[in-house]
Amino acid sequence: MSMVFFKGGVHPEYQKEITSTLAIVKMPLPQKVVVPMQQHIGAPCELLADVDKIEKGTEVKVGQKLGDNKGFVSSPVHAPISGTVTDIGLYNHPLGMKINAVTIESDGRDEWDEAIKPAGDLDNLTVEDIRRIVREAGIVGLGGATFPAHVKLSPPQDKPIDIVIINGAECEPYLTADHRVMLEKTEEIVFGLKAMLKALGAGEGIIGVEDNKPDALRAMEQLVAEEDNIRVCSLPTKYPQGAEKMLIYVATGRTVPAGALPLEVGVVNHNVGTAVAISQAIREGKPLIERVLTVTGAGINKPANVQVRLGTLVTDVIDFCGGLKESTLKLIIGGPMMGLAQPDPDVPVIKGTSGILALTDEDVYLAESSPCIRCAKCVSSCPMNLMPTSIAQAAEHGDFTRAEKFYALDCFECGCCSYICPSKIPLVQWIRIAKAEIMKRKSK
Amino acid sequence: MRDIFRLSLTLVVVAIISASLLTGVYSVTDPIIRERQEKDYFQALEEFFPAIDQFETREIEGDRFDLVYDQAGEKLGVMATVGTQGYDGKISYNLAVDYDGEIIGIRIISHSETPGIGDVITTDNFQEQFIGKGFDDPIRDGEDVDSISGATLSTGAMIDGIRRTITQIGEDILGRERKAFDPTEIVDGIYQGSVEGTHGPLTVEVEIADGIIKRVDVIEHNETEAYFVDAYPEIPEKIVEEQEVYVDTQTGGTLSAERIVAAVEKALEGGPVDKDDGGESNE
Amino acid sequence: MIIIEEKLVVSSSPHMRSVESIQSVMTDVLIALFPAALMAVLLFGYRALITMVISIITAMLIEAVWRRKRDLFSDGSAAVTGLLLALTLPAAVPWWLVVVGSASAIIIGKQVFGGIGYNIFNPALVGRAILVVSWGGHMAGDIWPSPQPFAFGIDVSTVTGATALAAPEIAMTFSFSELFIGNIPGSLGETSALALLIGGIWLVYKGHIDYRIPGGFIATVFVLGAAFGGGFYGNQLMTGLFHVVAGGVVIAAIYMATDFVTTPVTPLGRLIFGIGCGLITMLIRLWGTLPEGVTFAILIMNAATPIIDNFTIPRQFGGVNKSA
Amino acid sequence: MNESNVYLQDLSRGIIKENPVFRLLLGMCPVLGVTAFLINGLGMGIAATAVLVASNVVISALKNFIPNQVRIPCFIVVIATFVTIIEMVLQAFQPVLYEALGVFVPLIVVNCVILGRAEAFASRKPLFRSLIDGIGVGIGFTLALGLLALVREVAGQGTIMGPDPDSAIHLFGAGFEPMGLFGQPAGAFIALGLLLGIVNVLFKRFKIQ
């Protein structure tokens, strides 16, 4: 167990026992999927209308590429089911806007694209090969950030990477998808890690798991016992342990400089799901067309960890899990701390969807906030060592220069401050406003 | 150039008009003001000395002392108009003393002590304890008069001020000799005496040999060091040099200096102490 | 900001909130003050109880009327202010004095600034300061009612004694255990360091107070007391300890200097605040004209809070010192 | 607008809409300094009014002769002259009040109410209107000082018409212990703040802008 602790953080009620013991179930093929052209950070995909004639009426097969972008920071999207393209146009997106998407009606046959075949033995692949396979498979960070994985595997020449961390912290309350993946796809994770180590030429692999998942820790440790360049690191349970900078600090003792990427300190980290996807892409040739997510919360009738095809509508997933209870008041895509509340369940599951959470009136806080009593609990809970109350106050007064002086831009919106605030002030929301305004002014 | 000339001229004219106006008003009001001030002062004198017929004013170091006579030309007493440094600025007051050197009354003219705390100096309760005290009395806090708790600075300042004033009246105006210790009349020996100081007792040891004050030592004190150094060893040296207990304590850490004098006085009032190791003191 | 669209609620993340609220925090503070209040009743009898009840009820009533709310307890901050004020008063003060003090604490100390969260000075101490300035005679200075342990019905105002801080020779008349347990003349709640520490431990355990403020405060008082206190009471270290347990340092350090609203929010700022309070307290005690200085020490440091906050902005995680 | 209306406005403006103390917060120094007793407050107000009216009249009369560049020094000389006259008159005929007002009488010279009216009104407007304005502002200033002093004296001393024991009327009997705070400058701030709050509420209620 790591003896290093990051500063701040909170201990919310984890509620993981609802689903942590439930094995991953495969959801049957949906009737219809909606595949948005942007499921990652970076340039959105362009529809492959010219070359592959993807248009209304086109028959597509599983794994067939639907959209791509030549930009480096971008990731292609593939057809998750076989069937007919029935619509191309704007569709609801979990981010709260409408985004160009391809709708496919299933033909029920689940026919796979002929081009899909295993890439062969890892030993025979070059670094370039691995990067190409990862890119072509459309793999992005499955923890939620959806940063294209191949970009992280291609560091600049002058920044050698010596450690790869697999993030199995899963610090968000309720979510257990990563937990189950670690238990059920342990071998694939380790294979994925090996592929990454090779692609980066890194010497050490660390698998970080929060100590509230002892079974996953044990499973991992057993598997890597033989490997001398891979170790499992038990992380103290504290939110947001899974945040990149906190994880790196606890697992390696290295501090990522403010405003910089982990590669600055020679570290790259990937989610466990990403490792599994990389393993599947190399060993089976399979592009990223499905993922595991946790459907949970008091509002879900039959909570479960389900493996679904990307593009499946959240409504269908919820139906599969027994539907919503009457008392459901809030539907969240992602975890309760950083997830996005949805006004409408008619949105597709995308690459970054780690969970669907339905909260009932008992869990949802609706009352007005009181004035700040300057208790400074937000200051002591902030893992980035910021002063959330001061940023929020500056933002409220429209003084964004002052907000920037309080390092508003370093906030990664973990939500600890809003969580802990006894006055129930929406601190994160104010900080988001400040960040957006500061960025807008900077780009001018 | 012409502009500046015009501007200056305007200012000069305005100033001249203003000055002449003020002169006019001054000439009217000044006699009235003077007359009123005299009247006020005389009223105060009358209050203390109802039999007053005339008075003679003396100024000593900026303080005013009025020697009061009755119709027969007999001296009735003295009223002093003096000031002392209080907690918050100067307290100025009249101190009336009869011809025997006993205090008749105190009248606070002006002060800026804290209302509700320091202004107890204006109350009869506080003032009455001085009535009848003469300059032979010690007039020291805790001996024959008391400061008021919570307002020790204001009342303490008054006590010290009154003691100084009455000593001055006695010596300079009434020409009395303060009862003094003639060292030649005191049995040789070592004397010890202590008085209450700022944070605790202040004790002195005095050695008298062959009718001469040989030495004065402060053997124990808890004074505020910064003030104490102004008084020690200066005051003991003066006592030895002048062979006089009541030396001038006006300079330096007045409070500490006065305490040393008071302690010496106390020591000489009592008998010589016998030291355990004997002998030494009489050699 | 909460938008209810049809049935589903949409709001900004996070979607979980801790159960802690202003009310629960204030309730915890009241619980923490209970040992001190109990001790006050045990030592000073029914007069202590009456003073505390009047003070709390006045504070809550005034606050409820001012805010036009029917809820008397509301967020609990008025009750805390009322109790804290009562604990700083002498054991036997006239009832009207308590009412005026409690009302001024709420009105002038808090509500005129805009209510909870906006006040600059600790309301209870504003109330106390106003009482001291207005009715110095009742508020004691050197002379306080002496405790009559376990004599509930006795009017304690009849027997008075000097505070241990008045002079070293008076301090010497109290044993250290008396000073620690609280069987000494002083204000209702300040005498028993033991009861206050019990409450303080509870507050630290609940995470409501930052150890830096009481730590800095008490440590500074101890160090300055040991260095400049004159070395009575046994030796230098005991003098330092004496300055901590005699008078109001413990209650001030744990309950008043830690008042959320009026103290800095940055960790370093809190340390500076605590040390500043200790420094001013000892300046007043050792070289000033009052026997005790905690009230004014905290009020002065309250005024300095925005400046302290401004100069102690912590560096963000991974931040580099610009001067380096 | 007819002529008498203009004069009425000139008079009322200084009392209500542009009350120097409650609306403009000018001349705070004597407001806080001498209002421990009603008599002192009123005396100060009347003294200031006298200076204000006199200087307004003189400055309005001289406005065409005084070159713009030296107008402020001239105003100050005029004001200082009247203040000195007032001071001497007070000392001669009201020595008790003179003692009580102390340093605040000479400080009338730099009271911004007076210089402000000279600059803003008297140096631009006709003589008679300046006179009316001076009276209006003076009454406003005196009323405000009187009101504040009344509050402070009742709360801080328990009397009215103090401090002279011959004229003082004790309102609450012998057992009353006045709130010493209001007798002190700190209490003046608090009392003024509370009065300002009440005045602002009233202004809002009656929609006076």
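Below is a short write-up of the structure. As the structure is a computational prediction, the values presented were derived from the model and not from experiment.

### Looking at the overall build of chain C
Step number 1: A count of helices and strands for chain C gives 13 helices and 4 strands.
Step number 2: Its C-alpha atoms put chain C at 75 × 55 × 30 Å along the principal axes.
Step number 3: Split into buried and exposed, the 324 residues of chain C put 60% on the buried side.
Step number 4: Within chain C, residue pairs in contact and separated by at least 24 positions form 69% of the contacts whose partners lie at least 6 positions apart.
Step number 5: Accessible surface, chain C: about 12600 Å² in total, of which carbon and sulfur atoms supply 70%.

### Some words on the interface of chain B and chain C
Step number 1: Residue-level contacts link 6 residues of chain B with 5 residues of chain C.
Step number 2: Between chain B and chain C, a total of about 540 Å² is buried, with carbon and sulfur atoms accounting for 52% of that surface.
Step number 3: Between the two partners, chain B and chain C, sit 0 salt bridges.
Step number 4: The tally of links from chain B across to chain C stands at 0 residue pairs in polar contact (both at pLDDT 80 or more).
Step number 5: Within the side of chain B that touches chain C, the residues separate by chemical class into 2 nonpolar, 3 polar and 1 charged.

### Here's the deal with the arrangement of the chains
Step number 1: Ranking the 4 pairs of chains in contact by contact count places chains A and C at the top.
Step number 2: Note that chain A does not reach chain B: the shortest distance linking a C-alpha of one to a C-alpha of the other is 36 Å.
Step number 3: The least C-alpha distance between chain A and chain D, which are not in contact, is 22 Å.

### Quick notes on the packing of aromatic side chains
The geometry of an aromatic ring pair comes down to the distance between the two centres and the angle between the two planes.
Residue and element names in this part refer to chain C.
Step number 1: Scanning the entire structure with this criterion turns up 8 aromatic pairs over all chains.
Step number 2: On the numbers, 6.3 Å between centres and 15 degrees between planes, the contact of Phe176 with Phe180 is stacked. In this pair, Phe176 and Phe180 are both assigned in helix H7 (residues 176–181), 4 residues apart and thus about one turn of the helix distant.
Step number 3: Residue class for Phe176 comes out partly exposed when judged on its relative accessible area of 28%.

### Structural notes on the sheet that holds strand E14 (residues 304–309) of chain A
Residues and elements named next belong to chain A.
Step number 1: Here we have 6 strands laid out as an open sheet, ordered E1-E14-E13-E17-E15-E16, and mixed in their pairing. For this open sheet the edge positions go to strand E1 (25–26) and strand E16 (340–342), each flanked by a neighbour on one side alone.
Step number 2: Direction of pairing for E1 relative to E14: parallel, over a ladder of 2 bridges. Each bridged residue has a counterpart across the sheet, and for Lys26 the counterpart in E14 is Gln307.
Step number 3: Contacting strand E13 (290–296) and E14, helix H3 (residues 177–184) runs over the sheet at an angle of about 125 degrees to E13.

### Some thoughts on the packing of helix H4 (residues 95–107) of chain C against helix H5 (residues 123–134) of chain C
Residues and elements named next belong to chain C.
Step number 1: Packing of H4 against H5 leaves a shortest axis separation of 7 Å and a crossing angle of 135 degrees. Here H5 runs oblique to H4, going by the angle between their axes. Pair H4 / H5 crosses with right-handed handedness. Counting all contacts with H4, which are made through Leu97, Gly101, Ser104 and Ala105, the residues of H5 involved are Pro123, Ala124, Gly127, Ile130 and Leu131.

### Overview of the side chain of A:Lys213
Residue and element names in this part refer to chain A.
Step number 1: Locating Lys213 in the fold gives a position in the loop between strand E10 (204–210) and helix H5 (214–224).
Step number 2: Within polar-contact distance, the side chain of Lys213 engages the backbone oxygen of Glu170 at 3.3 Å.
Step number 3: Side-chain polar atoms of Lys213 contact the side chain of Asn212, separated by 3.3 Å.

### Overview of a nonpolar patch on the surface
Step number 1: Nonpolar side chains collect at one region of the surface, where C:Leu49, C:Val53, C:Ile57, C:Leu61, C:Leu72 and C:Phe152 lie side by side and expose about 500 Å² of accessible area between them.
Step number 2: On the accessibility criterion, C:Ile57 (42% relative accessible area) is partly exposed.

### What to know about empty space enclosed by the protein
All names here are of chain C.
Step number 1: Applying the stated criterion across every chain yields a total of 9 cavities of 30 Å³ or more.
Step number 2: Roughly 320 Å³ of internal volume is contained in the largest cavity.
Step number 3: Met26, Val80, Leu84, Asp259 and Phe260 are the residues nearest the centre of the largest cavity, which is lined by 24 residues in total.
Step number 4: At the level of secondary structure, the elements contributing two or more residues to the lining of the largest cavity comprise helix H1 (22–44), helix H3 (77–87), H5 and helix H11 (249–256).
Step number 5: Counting residues per element, the lining of the largest cavity draws most heavily on H3, at 4 residues.

### With respect to unusual backbone geometry
Step number 1: The step from A:Tyr239 to A:Pro240 runs through a cis peptide bond, and the omega angle for that step is -5 degrees.
Step number 2: Note on placement: A:Pro240 falls in the loop between strand E11 (230–235) and helix H6 (244–252).
Step number 3: A cis amide bond links C:Ser13 with the next residue in sequence, C:Pro14, at an omega value of -5 degrees.
Step number 4: As for its placement among the helices and strands, C:Pro14 is situated in the loop between strand E2 (8–11) and H1.
Step number 5: Its identity is not glycine, yet A:Thr146 carries a phi of approximately 55 degrees, on the positive side.
Step number 6: Relative to the elements of secondary structure, A:Thr146 occurs in the loop between helix H1 (127–136) and helix H2 (149–152).
Step number 7: For A:Tyr407, which is not glycine, the phi torsion reads 65 degrees and is therefore positive.
Step number 8: Assignment of secondary structure puts A:Tyr407 in the loop between helix H11 (400–405) and helix H12 (416–420).

### What about the packing of helix H7 (residues 127–156) of chain D against helix H8 (residues 185–205) of chain D?
Residues and elements named next belong to chain D.
Step number 1: At their nearest, the axes of H7 and H8 sit 10 Å apart, and the two run at 120 degrees to each other. One element, H7, and the other, H8, form an angle in the oblique class. The chirality of how H7 crosses H8 is right-handed. Contacts between H7 and H8 involve Leu147, Leu148, Val151 and Arg152 from the former and Pro185, Ala188, Ala191, Leu192 and Leu195 from the latter.
Step number 2: Partitioned by chemical class, the residues of the contact of H7 with H8 number 8 nonpolar, no polar and 1 charged.

### A short note on the interface of chain C and chain A
Step number 1: The interface is formed by 44 residues belonging to chain C together with 65 residues belonging to chain A.
Step number 2: Regarding the contact of chain C and chain A, the summed buried area is about 4500 Å², with carbon and sulfur atoms giving 60% of it.
Step number 3: Ranking the residues of chain C by area buried against chain A places C:Met16, C:Arg17 and C:Phe317 at the top, with a combined share of 19%.
Step number 4: With a closest N to O distance of 3.0 Å, C:Asp309 and A:Arg374 form a salt bridge.
Step number 5: For the pair chain C and chain A, the number of links is 25 residue pairs in polar contact (both at pLDDT 80 or more).
Step number 6: Elements with a minimum of two residues in the side of chain C that touches chain A: strand E1 (2–5), E2, H1, helix H12 (267–287) and helix H13 (294–311) of chain C.
Step number 7: Among the elements that take part in the side of chain C that touches chain A, E2(C) stands out by supplying 4 residues, more than any other.
Step number 8: The class makeup of the residues in the side of chain C that touches chain A is 20 nonpolar, 16 polar and 8 charged.

Rules behind the numbers
- Residues numbered from 1 in each chain as written.
- Chains lettered and ligands numbered in written order.
- Predicted model: local features only at pLDDT ≥ 70, side-chain atom pairs only at ≥ 80, totals over all residues.
- Heavy atoms only, no water.
- Helix = DSSP H or I, 4+ residues; strand = E, 2+ residues; numbered from the N terminus.
- Buried < 20%, exposed > 50% of the residue type's maximum accessible area, 1.4 Å probe, protein only.
- Contact = heavy atoms within 4.5 Å.
- Areas by Shrake-Rupley, 256 points an atom, 1.4 Å probe, with all protein chains shown as cover.
- Buried area = accessible area lost by both parts, 1.4 Å probe.
- Salt bridge = Lys/Arg side-chain N within 4 Å of Asp/Glu carboxyl O.
- Polar contact = N/O pair within 3.5 Å; in protein donor to acceptor, adjacent residues only side chain to side chain.
- Nonpolar A, V, L, I, M, F, W, Y, C, P; charged D, E, K, R; others polar.
- Phe/Tyr/Trp six-rings, centres within 6.5 Å; stacked < 30°, edge-to-face > 60°.
- Pairing = 2+ DSSP bridges.
- Axes fitted to C-alpha atoms, helices over the stretch in contact; angles between N-to-C directions.
- Parallel < 35°, antiparallel > 145°, perpendicular 65-115°, else oblique.
- Left-handed = near helix turned anticlockwise from the far one by under 90°.
- Patch = residues over 30% accessible without salt bridge, like charges linked within 9 Å, V, L, I, M, F, W, Y side chains within 5 Å.
- 1 Å grid on protein atoms, 1.4 Å probe; cavity = no way out; pocket = protein on both sides within 12 Å on 5 of 7 lines; lining within 4 Å.
- Points joined across faces, edges and corners; volume = space filled by probe spheres on them.

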